[in-house]
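Each chain is listed here by its residues.
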Amino acid sequence: MQVTNASNSREVDPASGRIQRSTSLVEDVYEAIFAQLMALKIAPGARITVDSLVKELDVSHTPIREALGRLEGEGLVLKTHLIGYRAAPQITRRRFDELYELRLLLEPHAAAKAAALMDETKLAVLEESAGGMARREGKDERLRYSNFARQDAIFHDRIMEFANNGLVRETLAFQHTHFHIFRLMFHSRVTEEALDEHQAILAAFAASDPAAAEQAMRRHIEHSRDRLLPAFD
Ligand SMILES: [Zn+2]
């Protein structure tokens, strides 16, 4: 699963959207386009022209093509022969239901296992990950939102890691769930409420309480589903 540290996104100037420094250029370009996809500035299904990104981000074609290739690997961008790139379409209602059914089958159980195997080191990793989501630094709402999506993906992936079943972890990572669900709507409510639910999961981990962890994870996923359902109205 390709997840990277969200701190890179700070290198994008929120005012102009331009890249501010050249180190790890592909990474910066990737973060800039990722933020536009997450916050629906590039709408699902919309064409993505390399030339317009060259102008907008003030970089050459090469890093943009590389970044788009990486986003293609994550299922966020599609490339069609002779036509070019476009943003992946919005997931369908059916796919959404399937995704949440899958999550509810796997994640609460995995959270219970992770709680049973919890120790100080793992707890610190999870608290750090959850803390990254709570920080409200930076003025740009779009970047904050895309950072949250990535940190949420990392948080849930870490829990799957600590649940110690590689196949369950891979199965969920392969769906790139968080990248798709966060594109359903761009709204602060999606992030604010999730923070409290994450705290409940962390509290169960801190208490090494498998039953509470299972319940807290189930509640979080059910609430997440209910928050996003209006996107299909
Ligand atoms: Zn979450």
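In the block above lies the structure referred to throughout.
My aim in this report is to walk through the structure given alongside it, one point at a time. The shown structure was predicted, so the numbers you read here are calculated from the model rather than taken from an experiment.

So, on to the packing of aromatic side chains. Taken as a whole and assessed by the stated rule, the structure comprises 6 aromatic pairs. Taking 5.0 Å as the distance between ring centres and 75° as the angle between the ring planes, the aromatic pair formed by phenylalanine 34 and phenylalanine 179 counts as edge-to-face. Taken as a pair, phenylalanine 34 in helix H1 (residues 25-38) and phenylalanine 179 in helix H8 (residues 177-181) lie far apart in primary sequence, 145 residues in all. Comparing phenylalanine 34 with phenylalanine 179 shows no difference in burial state: the two are buried. Put simply, the rings of Tyr30, Phe34 and Phe179 pair up and form one aromatic cluster. Here arginine 70 stacks its cationic end above the ring of tyrosine 30, 3.6 Å away from the centre of that ring.

By the secondary structure assignment, serine 224 is in helix H10 (residues 210-228). Among the residues examined, serine 224 registers a relative accessible area of 8% and is labelled buried. Excluding anything up to four places from it in sequence, serine 224 contacts Tyr100, Arg103 and Ile181.

Moving on, we get to the coordination of the zinc ion. Protein-derived coordination of the zinc ion comes from Asp152 (OD), His156 (NE2), His198 (NE2) and His220 (NE2), at a distance range of 2.1 to 2.3 Å. Considering all 4 donor atoms around the zinc ion, the spread of angles at the metal, 87 to 172°, places the coordination shape in the irregular class. Sequence positions of the donors to the zinc ion reduce to the motif D-x3-H-x41-H-x21-H. On the criterion of helical spacing, the pair formed by aspartate 152 and histidine 156 is a turn pair, its members being 4 residues apart in helix H6 (residues 141-162). The residues aspartate 152 and histidine 156 share a single accessibility class, namely buried.

Bringing the packing of H1 against helix H2 (residues 50-57) into the picture now. Where H1 contacts H2, the two axes come as close as 12 Å, and the packing angle between them is 110°. In terms of orientation, H1 and H2 fall into the roughly perpendicular class. Here Val29, Ala32, Ile33 and Gln36 of H1 lie close against H2, whose contacting residues are Leu53, Glu56 and Leu57. A per-class count over the contact of H1 with H2 returns 5 nonpolar, 1 polar and 1 charged.

Time to look at empty space enclosed by the protein. As enumerated under the stated definition, the model contains 2 cavities of 30 Å³ or more in all. Put simply, the largest cavity is a space of about 100 Å³. Lining of the largest cavity is provided by 13 residues; of these, His156, Asp157, Leu172, Ala173 and His178 occupy positions nearest its centre. Among the elements of the structure, helix H4 (93-116), H6, helix H7 (166-174) and H8 are those that each provide at least two residues to the lining of the largest cavity. Looking at which element gives the most residues to the lining of the largest cavity, the answer is H6, with 4 residues. Of the residues that constitute the lining of the largest cavity, the class distribution is 5 nonpolar, 4 polar and 4 charged. Its volume calculated, the second largest cavity comes out at about 90 Å³. Considering the residues around the second largest cavity, the lining is formed by Tyr100, Arg103, Asp152, His178, Ile181, Phe182, Val190, Ala194, His220, Ser224, Arg227 and Leu228. Looking at the lining of the second largest cavity, the elements that each hand over two or more residues are H4, H8, helix H9 (188-206) and H10.

Conventions adopted
- Residues numbered from 1 in each chain as written.
- Predicted model: local features only at pLDDT ≥ 70, side-chain atom pairs only at ≥ 80, totals over all residues.
- Heavy atoms only, no water.
- Phe/Tyr/Trp six-rings, centres within 6.5 Å; stacked < 30°, edge-to-face > 60°.
- Helix = DSSP H or I, 4+ residues; strand = E, 2+ residues; numbered from the N terminus.
- Buried < 20%, exposed > 50% of the residue type's maximum accessible area, 1.4 Å probe, protein only.
- Lys NZ or Arg CZ within 6 Å of the ring centre and 35° of its normal.
- Contact = heavy atoms within 4.5 Å.
- Donors = N, O, S within 2.8 Å, 3.2 Å for Na, K, Ca; no water.
- Tetrahedral: all angles 85-135°; square planar, octahedral: opposite > 155°, others 65-115°.
- Axes fitted to C-alpha atoms, helices over the stretch in contact; angles between N-to-C directions.
- Parallel < 35°, antiparallel > 145°, perpendicular 65-115°, else oblique.
- Nonpolar A, V, L, I, M, F, W, Y, C, P; charged D, E, K, R; others polar.
- 1 Å grid on protein atoms, 1.4 Å probe; cavity = no way out; pocket = protein on both sides within 12 Å on 5 of 7 lines; lining within 4 Å.
- Points joined across faces, edges and corners; volume = space filled by probe spheres on them.

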